[in-house]
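Okay, here's what each chain looks like letter by letter:
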Amino acid sequence: QVQLVESGGGLVQPGGSLKLYCAASGSIFSIYAMGWFRQAPGKEREFVARITWSGTNIYYADSVKGRFTISRDNAKNTVYLQMSSLKPEDTAVYYCAASSILAVVATRYDYWGQGTQVTVSS
């Protein structure tokens, strides 16, 4: 089994930056890719970014491309999401997810964290 714990969320002003963390534990060997998703109130969960543990395959949603950066630290079994130039529409609960395959669709991910709230507001 894999356990994922997100942290780093909080309140930030528009244009500001925030860094999210996702710590993985358990059967790490089964993880091939890690993804970030977000869900705003009243909306469906959407894909944000994905990275393989190797770090060689990275993909972003168009809505965050150029503003967000996903990275990983294999020694710490941790995936990061550096968010910059934040907009109010970025406000959502951000979830970390793990998959045994390369995917961007939420249904293809096997494990999920509890989520961390990101609020972008003045």
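Above: the structure in question.
Residues numbered from 1 in each chain as written. Predicted model: local features only at pLDDT ≥ 70, side-chain atom pairs only at ≥ 80, totals over all residues. Heavy atoms only, no water.

Novice: Quick rundown of unusual backbone geometry? Include the residues and the values.
Specialist: Of note in this structure, Asn77 is not a glycine but carries a positive phi near 50°. Positionally, Asn77 belongs in the loop between β7 (68-73) and β8 (78-83). In this structure, Ser85 is a non-glycine residue whose phi angle is positive, near 50°. Considering the arrangement of structural elements, one finds Ser85 in the loop between β8 and β9 (92-99). Relative accessible area serves as the criterion here: at 40%, Ser85 is assigned to the partly exposed category. (Helix = DSSP H or I, 4+ residues; strand = E, 2+ residues; numbered from the N terminus. Buried < 20%, exposed > 50% of the residue type's maximum accessible area, 1.4 Å probe, protein only.)

Novice: Residue-level account of the packing of aromatic side chains, with values.
Specialist: Summed over all chains, the structure comprises six aromatic pairs. Relative to Tyr59, the ring of Phe47 lies with its centre 5.8 Å away and its plane at 25°, an arrangement referred to as stacked. Separated by 12 residues along the polypeptide, Phe47 in strand β5 (residues 46-52) and Tyr59 in strand β6 (residues 58-60) bring together distant segments of the chain. Taking the relative accessible area as the measure of exposure, Phe47 reaches 15% and is therefore buried. (Phe/Tyr/Trp six-rings, centres within 6.5 Å; stacked < 30°, edge-to-face > 60°.)

Novice: Describe in detail the side chain of Glu6, supporting the description with residues and values.
Specialist: In this fold, Glu6 is placed in strand β1 (residues 2-7). An unpaired buried charge is present at Glu6: no salt bridge exists, and Arg45, the closest side chain of opposite charge, is 7.6 Å distant. A polar atom in the side chain of Glu6 sits 2.6 Å from the backbone nitrogen of Cys96. Within polar-contact distance, the side chain of Glu6 engages the backbone nitrogen of Gly115 at 2.8 Å. (Lys, Arg positive; Asp, Glu negative; His and termini not counted. Salt bridge = Lys/Arg side-chain N within 4 Å of Asp/Glu carboxyl O. Polar contact = N/O pair within 3.5 Å; in protein donor to acceptor, adjacent residues only side chain to side chain.)

Novice: Run through the nonpolar core, naming residues and quoting values.
Specialist: Soluble globular proteins tend to bury their nonpolar side chains together. One finds Met34, Trp36, Leu81, Met83 and Tyr94 to be the most contacted residues of the largest nonpolar core, which totals 36 residues. At the level of elements, β1, β3 (18-26), β4 (33-39), β5, β7, β8, β9 and β11 (116-120) are the ones that each hand at least two residues to this core. At five residues, β9 tops the list of elements feeding residues into this core. Dropping the residues within four chain positions of it, Met34 is found in contact with Leu4, Cys22, Ala49, Arg50, Ile51, Trp53, Ile70, Val79, Cys96, Ala97, Ala98 and Tyr109. (Core = buried A, V, L, I, M, F, W, Y, C linked by side-chain atoms within 4.5 Å. Contact = heavy atoms within 4.5 Å.)

Novice: Just give me the short version of the pairing of β9, but keep the residues and values in it.
Specialist: When you tally the buried positions in β9, you get seven out of eight residues, the bulk of the element. One ladder, built from seven bridges, connects β4 with β9; its direction is antiparallel. The residue bridging Arg38 from the neighbouring strand is Tyr94, located in β9. Across three bridges, the pairing between β9 and β11 is antiparallel. By the bridge assignment, Val93 is partnered in β11 with Gln117. (Pairing = 2+ DSSP bridges.)

Novice: Any chance you could break down the sheet that holds β1 for me, citing the residues and the numbers?
Specialist: By way of backbone hydrogen bonds, the strands of a sheet pair with one another, either parallel or antiparallel. If you trace the four strands from one edge of the open sheet to the other, you get β1-β3-β8-β7, paired in antiparallel fashion. Of all the strands in the sheet, just β1 and β7 have a single pairing partner and so form its edges. Direction aside, neighbouring strands of the sheet carry axes that sit 15° apart on average. Of the strand pairs in this sheet, β7 and β8 are connected by six bridges, and their pairing is antiparallel. Each residue of the ladder has a partner; that of Phe68, found in β8, is Met83. (Axes fitted to C-alpha atoms, helices over the stretch in contact; angles between N-to-C directions.)

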